[in-house]
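# Secondary and tertiary structure notes
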Amino acid sequence: MRTIKILFVLFLVTALFGCSGDDDTNFFYELVTIEEVELPEKLERGETYTIAVSYFRPSNCHSFSGFDYNGLGNERTVAIVNVVVNDGDCSAIERADLIEVSFDFLVGKEESYIFRFWQGRDDNGNNQFLTVELPVIEKS
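In this text, all values refer to a predicted model and were calculated from it rather than measured experimentally. (Residues numbered from 1 in each chain as written. Predicted model: local features only at pLDDT ≥ 70, side-chain atom pairs only at ≥ 80, totals over all residues. Heavy atoms only, no water.)

Now for the overall build of the protein chain. Assigned secondary structure in the protein chain consists of one helix and nine strands. The order of helices and strands in the protein chain, counted from the N terminus, is α-β-β-β-β-β-β-β-β-β. In the protein chain, which comprises 140 residues, the share counted as buried stands at 26%. Considering only contacts within the protein chain whose residues lie at least 6 apart along the sequence, 65% involve residues at least 24 apart. Total accessible area computed for the protein chain in this model is approximately 9,800 Å², and 50% of it derives from carbon and sulfur atoms. (Helix = DSSP H or I, 4+ residues; strand = E, 2+ residues; numbered from the N terminus. Buried < 20%, exposed > 50% of the residue type's maximum accessible area, 1.4 Å probe, protein only. Contact = heavy atoms within 4.5 Å. Areas by Shrake-Rupley, 256 points an atom, 1.4 Å probe, with all protein chains shown as cover.)

Below is the structure:
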């Protein structure tokens, strides 16, 4: 029993003090606006589609991190998430080249899907979306 207590105390000490808090790297996550979307005209039930979206990388400190993807009923809301590593040496990137990323979408039992792609905020701070409704057809 005493061995278990000693091991527990060692584990606790390691967990509390094992990681250094001296890391000066500051980072945060940020949504970036979707500029272009590649979608089919219709979806076949049971099929998987690769949906490509493009965005501009705002600075050399921004990197693709993933998608903020939410589904409710037949509606899918999609935003691109970048991790921003602020090392004090960030500089803006000219909006010359779009960066394309994609995700796979499996068509379920809905009659149609409404995709809402985040395109930023308006002057009042309201979210703006490119909204596209795609019909679902049965497999041929």
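Bringing the side chain of His-62 into the picture now. Topologically, His-62 is positioned in strand 5 (residues 62-72). For His-62, a relative accessible area of 7% gives the class buried. Among the polar contacts made by the side chain of His-62, one reaches the side chain of Glu-30 at a distance of 2.7 Å. (Polar contact = N/O pair within 3.5 Å; in protein donor to acceptor, adjacent residues only side chain to side chain.)

The subject of this paragraph is the state of the cysteines. Within the structure shown, the criterion is met by one disulfide. There is a disulfide in this structure between Cys-61 and Cys-90, and the S-S distance comes to 1.9 Å. An S-S torsion of about -105° defines the bridge between Cys-61 and Cys-90 as left-handed. On the criterion of sequence distance, the pair formed by Cys-61 in the loop between strand 4 (48-55) and strand 5 and Cys-90 in the loop between strand 6 (75-86) and strand 7 (99-106) is long-range, its members being 29 residues apart. On the accessibility criterion, Cys-61 (7% relative accessible area) is buried. (Disulfide = S-S within 2.5 Å.)

The subject of this paragraph is the sheet that holds strand 4. One open sheet accounts for three strands, arranged 2-4-7; its pairing is antiparallel. Pairing within the sheet leaves two strands with one partner each, and these edge strands are strand 2 (36-38) and strand 7. Pairwise comparison of adjacent strand axes, ignoring direction, gives a mean angle of 20° for this sheet. As paired elements, strand 2 and strand 4 share three bridges and run antiparallel to each other. Within the sheet, the bridge partner assigned to Glu-36 lies in strand 4 and is Ser-54. (Pairing = 2+ DSSP bridges. Axes fitted to C-alpha atoms, helices over the stretch in contact; angles between N-to-C directions.)

Right, let's get into the environment of Pro-58. Secondary-structure assignment places Pro-58 in the loop between strand 4 and strand 5. Each C-alpha atom of the pair Pro-58 and Ser-91 lies 8.6 Å from the other, and the pair is 33 residues apart in sequence. Those residues within four positions of Pro-58 in sequence are excluded, and the remaining contacts are Val-32, Asn-82, Ala-92 and Ile-93.

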